[in-house]
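Remarks on the overall topology
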Amino acid sequence: MRVLVALAPSVALAARWPMDTAGNSLEGVPATFDCGMRKLAYTFGKQLLPRQGSFESLFLALGLNEDCPTEMSGEAPAEPAPAALPTDSLFVDPTRGADANPGTESSPLKTVAAGVAKAARGGTVVLRAGRHQIKEAVEIGAEKSGLTVRAYPGEKPEVSGGVELKAEWAPYKVVEPKWEEYTGLNVVYGGTADNKTIRDLGKQTDAAHCQQQCEADKQCTGYTWHDGNQGAYANFCWGRLDGQWPARQQAGHTSGRLGPGANIYKANIKGQVDDVPGLQLDGARATRARYPNLPGGIEVSPGYDGMIPGGSGVWTPPQFNKYPTVQYFTDNVTEHNRNNTPDNWFQHYMIGTAGLCTVYDPPVSYWCSENPSGGGAFAFRTPSGVAPKDGALPNSPYADVSQLMFNVWRPARWANWMFEVDQYNQTSNNFTFGKGGNQGARGSNSGGDFFVENVFEELDSPGEFFFNRSTGDLYLFYNGTGAPPSSLDVVVPQAKVLFNVSGTQWNPVSNVTFDGLTFRATRYTYMDPHGVPSGGDWALDRIGAVFLQGTEGTTIQNGMFERLDGNAVMISGYNRNTTVQDSDFAYIGGNAVASWGYTNETENTGFPYYTPNTNFPQAGVDGTDGNHPRYNAILRNSAREVGLYEKQSSFYVQGKTAESLISGNVFFNGPRAGINANDGFGGGDVISHNLVFSTCRESGDHGPFNSWDRQPFLTTVRTGEPSMLMAWREIHHNFFIDNYSPQEDVDNDDGSAYYRTHDNFLVYGGQGMKNDFGGHDNHHYNNTYAFVGQAMGVTKTLVGHEDFFTGNSVVMLGTNVGGVECSGATTKLANNRYFTSDATLTECGKPLSQAQEMGFDTNSTVAAIPQDDVILRWAETLLGIVVGRSVVFV
């Protein structure tokens with residue numbers, strides 16, 4: 001629910017943030033506040049992570065080099081002297097080592113696998129500088145407990161899943177660019193001259209003069225001229241600024257664009273690799289040939305652009321009879337009834353096995369159960385194909401679609417699906433989907449916005465590549481002058497897992513440490529098996545560059561996770577006290593850190609180990625066996641540019657996981673929610689002292705934090721005894737900014753309960769506090785909300801499970817406190833300070849003073865919106881932001 005209204009005209013507008021889905025600034029926020037707030041976020045981020053020094057990536061992400069000029073400043077503290085290496089350390093050097101060597105510093109081993117295999121229990125493997133290629137995951141079992149794999153002091157070894165290619169490039173298609181003109185074509189249809197995507201270039205007498213205006217505008221990438229018969233648009237010349245070409249056949253219009261020319265080179269690499277799922281050139285990703293093109297490449301978020309509108313395709317309905325009949329199970333054990341919501345919301349554990357959920361591994365989901373409920377709830381399904389309308393794929397029909405992939409947003413952009421093509425009719429341009437559609441938990445009969453990739457005809461933009469698997473030819477549209485240089489570092493991600501640390505609950509791998517390593521170039525896993533962790537919207541692939549299962553006391557620290565095409569870290573099943581700290585994550589294809597436990601829902605655990613289960617599906621509700629992560633500590637990390645491929649990805653996501661601590665992190669630039677709790681399994685988590693912003697950049701809903709609790713579980717976390725209720729979660733002392741398609745900074749979605757959200761600085765959003773669809777026991781107190789649409793929107797609860805909103809300071813864009821429960825089990829409000837444009841407030845349909853006479857919001861006040869500095873000083877005091885001094889949180 002978005003509640004954003006304009007302030008009085010006397011308040012300055014044109015703030016950079018918040019922005020809507022089209023990238024337009026929403027009215028109502030003073031530009032002076034927005035700039036000051038971003039400066040404060042920069043200070044807070046540097047104090048959280050002083051090792052980042054001037055923290056350039058944060059500075060740029062906050063736009064402090066653009067409309068809010070600020071000096072980039074700060075120096076990283078001197079690194080402490082490294083601890084002495086154990087005398088029995090084994091050394092690995094990829095350049096001068098040999099696996100036949102003894103592994104001493106002067107005679108090192110060559111491969112990481114050899115070093116780990118040779119290491120004794122409790123030993124240390126030291127990696128020297130260079131690229132350590134991993135062909136198959138390095139296995140670390142219980143017999144290697146106590147192992148440390150670390151960087152040599154002062155060096156930054158790279159552990160890579162990539163293969164370095166020997167590429168001899170030859171010209172394939174090298175053509176100078178020239179202007180192309182198309183009569184009867186409109187590429188601005190339905191658009192608006194907003195100076196962001198389209199610019200009005202004035203009335204021109206003909207298409208040639210329109211082209212001249214476009215050529216003279218450095219941002220113009222194409223144009224449409226309307227002839228003299230177009231009524232109010234007669235002779236209009238509109239130029240596109242976004243590089244898009246949404247062609248529509250329409251008489252009376254002439255369009256043109258500067259043809260890209262071509263700078264395509266070819267190298268035959270047959271025998272070096274079987275496939276090129278990704279390509280890294282001098283350390284940066286190239287983009288698989290696709291339509292629509294991405295002017296900035298795969299590593300630059302397109303926002304809501306770079307897609308074909310979902311309405312430009314005719315979607316083939318789901319094939320409901322394709323898979324075995326679904327088997328429903330609902331747990332009706334009386335002791336398992338979570339009877340704390342009205343209207344039977346989420347009171348029983350329920351699943352469905354097989355049916356359309358056969359696409360998952362294991363083939364089970366809440367969304368295949370007999371009666372899934374919640375916002376927009378219906379049983380899982382996906383479309384089985386699409387016929388793009390005329391002009392939607394201007395380079396089709398295609399000669400060969402054996403490698404083509406469809407990337408499709410679910411309508412409303414809750415997740416994206418990837419599909420291979422099973423059948424293709426060139427005449428009708430109809431595609432029948434094959435493998436895929438398992439990358440999200442929520443389905444739909446049709447698809448949303450989409451793009452196609454990995455088809456030769458779409459190799460038409462600088463930075464794109466295409467690999468022909470049958471011939472071994474690699475084509476590269478080189479984004480430079482002339483041929484790719486011989487010195488170009490060409491790496492193809494191949495390995496999916498770099499380190500697999502796996503034991504069991506009864507024989508765990510204990511106290512393994514990874515220290516100071518750079519992890520890079522794993523291949524994408526979005527077509528690998530995916531499962532549905534619980535009742536949230538996420539589907540996950542149980543895999544990561546570092547995979548942990550059956551471990552205790554694992555520590556990953558001082559690392560760099562960069563340009564990994566799948567998940568960076570997967571904490572799977574039984575794990576205790578896993579710590580990820582003082583590390584940086586950037587340009588990740590999936591999630592930065594994902595944590596996912598097990599319960600016995602199906603006959604086996606599914607990918608990757610398929611361990612047999614007992615007492616399924618009845619035991620699916622039971623989390624008391626301990627086969628889940630507990631006590632994760634995610635501390636003082638940075639994470640940015642995640643979800644480059646799988647859009648339903650987060651900086652940290654957990655399902656069937658309890659008592660995690662996420663603290664002191666700086667997270668920004670992601671496509672969906674920043675931190676996600678997929679369920680209420682156990683609870684007891686603490687999320688504190690984090691800076692999170694620029695989430696949901698390519699989607700709607702959510703914000704920096706999102707939760708669901710649709711599927712109850714039995715755990716012992718709350719009291720030490722079996723209980724269907726989770727322990728309270730704490731969200732405190734965070735700086736959250738909901739600056740993209742704002743909804744809430746803390747989005748407690750369907751069924752969320754037992755949250756204490758306090759002492760946070762929460763900026764922007766449709767509302768400050770949210771509970772919906774059976775949510776309850778949500779307590780917000782001592783928070784400062786800055787320029788939210790309204791204070792809250794909550795739902796009906798039972799007596800004894802009401803929501804509380806007390807002691808908060810709320811700077812509002814509107815004058816209505818919001819969706820308060822005014823009868824029955826009423827929302828408990830008191831001691832709040834509200835600030836509105838005209839110093840008035842409505843609550844329960846009445847002015848605040850009259851609502852207080854009825855017993856609502858006692859001791860609360862309303863006043864005019866204070867000056868920017870006043871609000872920002874509140875935040876400084878609340879979060880302990882002090883310029884020039886580091887604040888360290890644990």
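Preceding this section is the structure that the text describes.
Residues numbered from 1 in each chain as written. Predicted model: local features only at pLDDT ≥ 70, side-chain atom pairs only at ≥ 80, totals over all residues. Heavy atoms only, no water.

Tallying secondary structure elements over the chain gives six helices and 68 strands in all. Compactness check: the chain gives a C-alpha radius of gyration of 28 Å against a globular reference of 29 Å for 890 residues, within 12% of the reference. With respect to the principal axes defined by its C-alpha atoms, the chain has extents near 80 × 75 × 65 Å. Sorting the 890 residues of the chain into buried and exposed places 62% on the buried side. Taking the intrachain contacts of the chain between residues at least 6 apart in sequence as the baseline, contacts between residues at least 24 apart amount to 73%. With the model as given, the accessible surface of the chain reaches about 32,300 Å², and the carbon-plus-sulfur share is 49%. Taking the average place of the 64 positive charges on the side chains of the chain and the average place of its 94 negative ones, the gap between the two points comes to 3 Å. (Helix = DSSP H or I, 4+ residues; strand = E, 2+ residues; numbered from the N terminus. Rg over C-alpha atoms; globule rule 2.2 N^0.38 Å. Buried < 20%, exposed > 50% of the residue type's maximum accessible area, 1.4 Å probe, protein only. Contact = heavy atoms within 4.5 Å. Areas by Shrake-Rupley, 256 points an atom, 1.4 Å probe, with all protein chains shown as cover. Lys, Arg positive; Asp, Glu negative; His and termini not counted. Charge placed at Lys NZ, Arg CZ, Asp CG, Glu CD.)

Let's shift gears to helix α1 (residues 31–48). Side chains three or four residues apart in an α-helix point the same way, a direct result of the helix having 3.6 residues per turn. With 18 residues, α1 extends 26 Å from end C-alpha to end C-alpha; this agrees with the ideal 26 Å at 1.5 Å per step. Of all 18 residues making up α1, 14 are buried, and the element is well covered by its neighbours. (Expected span 1.5 Å × (residues − 1).)

In this section: the state of the cysteines. Within the structure shown, the criterion is met by five disulfides. Counting only the cysteines that form disulfides, in the order they appear in the chain, gives the pairing 1-2, 3-6, 4-5, 7-8, 9-10. (Disulfide = S-S within 2.5 Å.)

Moving on: the pairing of strand β59 (residues 784–788). With respect to burial, β59 is a largely interior element, five of its five residues being buried. Of the strand pairs in this sheet, strand β56 (residues 761–763) and β59 are connected by three bridges, and their pairing is parallel. Bridge pairing in β59 links Leu762 to Tyr785. By the bridge criterion, four bridges tie β59 to strand β62 (residues 809–812) in an arrangement that is parallel. Paired with Val788 across the two strands is Met812, which belongs to β62. (Pairing = 2+ DSSP bridges.)

What follows is about unusual backbone geometry. Cis peptide bonds are those with omega within 30 degrees of zero, and the linkage from Phe607 to Pro608 qualifies with 5°. With an omega of -5°, the peptide bond running from Phe616 to Pro617 counts as cis. Assignment of secondary structure puts Pro617 in the loop between β41 (593–596) and β42 (629–630). If you check the backbone angles, His733 has positive phi at about 55° while not being a glycine. Backbone geometry places Tyr754, a non-glycine residue, at a positive phi of 65°.

Let us now look at the nonpolar core. Core analysis: the largest hydrophobic core is formed by 73 residues, its most contacted members being Phe499, Phe514, Phe519, Phe561 and Phe585. Top element by residues in this core is strand β55 (residues 753–758). It accounts for three residues. Residues in contact with Phe519, not counting those within four places in the same chain, are Val159, Leu498, Phe499, Phe514, Val546, Met560, Phe561, Glu562 and Leu564. In terms of nonpolar packing, the next biggest core, distinct from the first, is built from 42 residues, Leu40, Ala41, Leu49 and Phe55 among them. (Core = buried A, V, L, I, M, F, W, Y, C linked by side-chain atoms within 4.5 Å.)

A word on the pattern of salt bridges. Here the structure, examined in full by the defined rule, presents 40 salt bridges. Between Asp242 and Arg240 there is a salt bridge, with its nearest N and O atoms 2.9 Å apart. This pair shows no difference in class: Asp242 is buried, exactly as Arg240 is. In the salt-bridge network here, residues are joined through shared partners; they are Arg131, Glu158, Glu164, Arg285, Glu299, Asp489, Arg520, Glu562, Arg563 and Asp565. (Salt bridge = Lys/Arg side-chain N within 4 Å of Asp/Glu carboxyl O.)

On to the pairing of β55. Taken across its six residues, β55 has five buried, putting it largely inside the fold. Two elements, strand β52 (residues 729–732) and β55, share four bridges in a ladder whose sense is parallel. Pairing of Ile731 across the sheet is with Thr757, part of β55. Here β55 runs beside strand β58 (residues 776–781); their pairing, made up of five bridges, is parallel. In the sheet register, Arg756 faces β58, and the bridge partner there is His779.

Read from one edge to the other, the open sheet built from three strands follows the order β57-β60-β63, with strand pairing classed as parallel. Each of the sheet's edge strands pairs with one partner strand only, and the pair in question is β57 (767–770) and β63 (818–819). Both strand β60 (residues 790–793) and β63 contribute to a ladder of two bridges, which runs parallel. Bridge assignment links Gly793 to a residue of β63, and that residue is Gly819.

Position of Gly297 relative to the elements: it lies in the loop between β18 (290–291) and β19 (313–316). You can call Gly297 buried: its relative accessible area is 15%. Each C-alpha atom of the pair Gly297 and Thr287 lies 6.0 Å from the other, and the pair is 10 residues apart in sequence.

Right, let's get into the sheet that holds strand β10 (residues 198–203). Taken in spatial order, the five strands of this open sheet run β9-β13-β11-β12-β10, and their pairing is antiparallel. The sheet terminates laterally at β9 (179–186) and β10, the two strands that pair on one side only. Between one strand axis and the next, the sheet turns through 25° on average, direction left out of account. The sheet strands contacting helix α4 (residues 207–216) are β9, β10, β11 (222–226), β12 (236–240) and β13 (248–258), and the helix crosses β11 at an angle near 150°. (Axes fitted to C-alpha atoms, helices over the stretch in contact; angles between N-to-C directions.)

Glancing now at the packing of α1 against helix α6 (residues 868–879). Contact pair α1 / α6: the axes reach a minimum separation of 9 Å and the direction vectors enclose 20°. Here α6 runs roughly parallel to α1, going by the angle between their axes. Helix-helix and strand crossings are classified by hand; for α1 and α6 the assignment is right-handed. Here α1 contributes Thr32, Phe33, Gly36, Met37, Leu40 and Phe44 to the contact with α6, which in turn contributes Asp868, Ile871, Leu872, Ala875, Glu876 and Leu879. (Parallel < 35°, antiparallel > 145°, perpendicular 65-115°, else oblique. Left-handed = near helix turned anticlockwise from the far one by under 90°.)

Here we take up the packing of aromatic side chains. Per the stated rule, a full pass over the model turns up 45 aromatic pairs. For the pair Phe499 and Phe514, a centre-to-centre distance of 4.8 Å together with 50° between the ring planes defines the contact as tilted. A residue pair is termed long-range when its members are at least 10 positions apart, and Phe499 in strand β31 (residues 499–502) and Phe514 in strand β33 (residues 513–515) qualify at 15 residues. Directly above the ring of Tyr189 sits Arg248, whose terminal nitrogen or CZ lies 3.8 Å from the centroid. Over the ring of Tyr587 we find Arg563; its NZ or CZ atom is 4.4 Å from the centre of that ring. (Phe/Tyr/Trp six-rings, centres within 6.5 Å; stacked < 30°, edge-to-face > 60°. Lys NZ or Arg CZ within 6 Å of the ring centre and 35° of its normal.)

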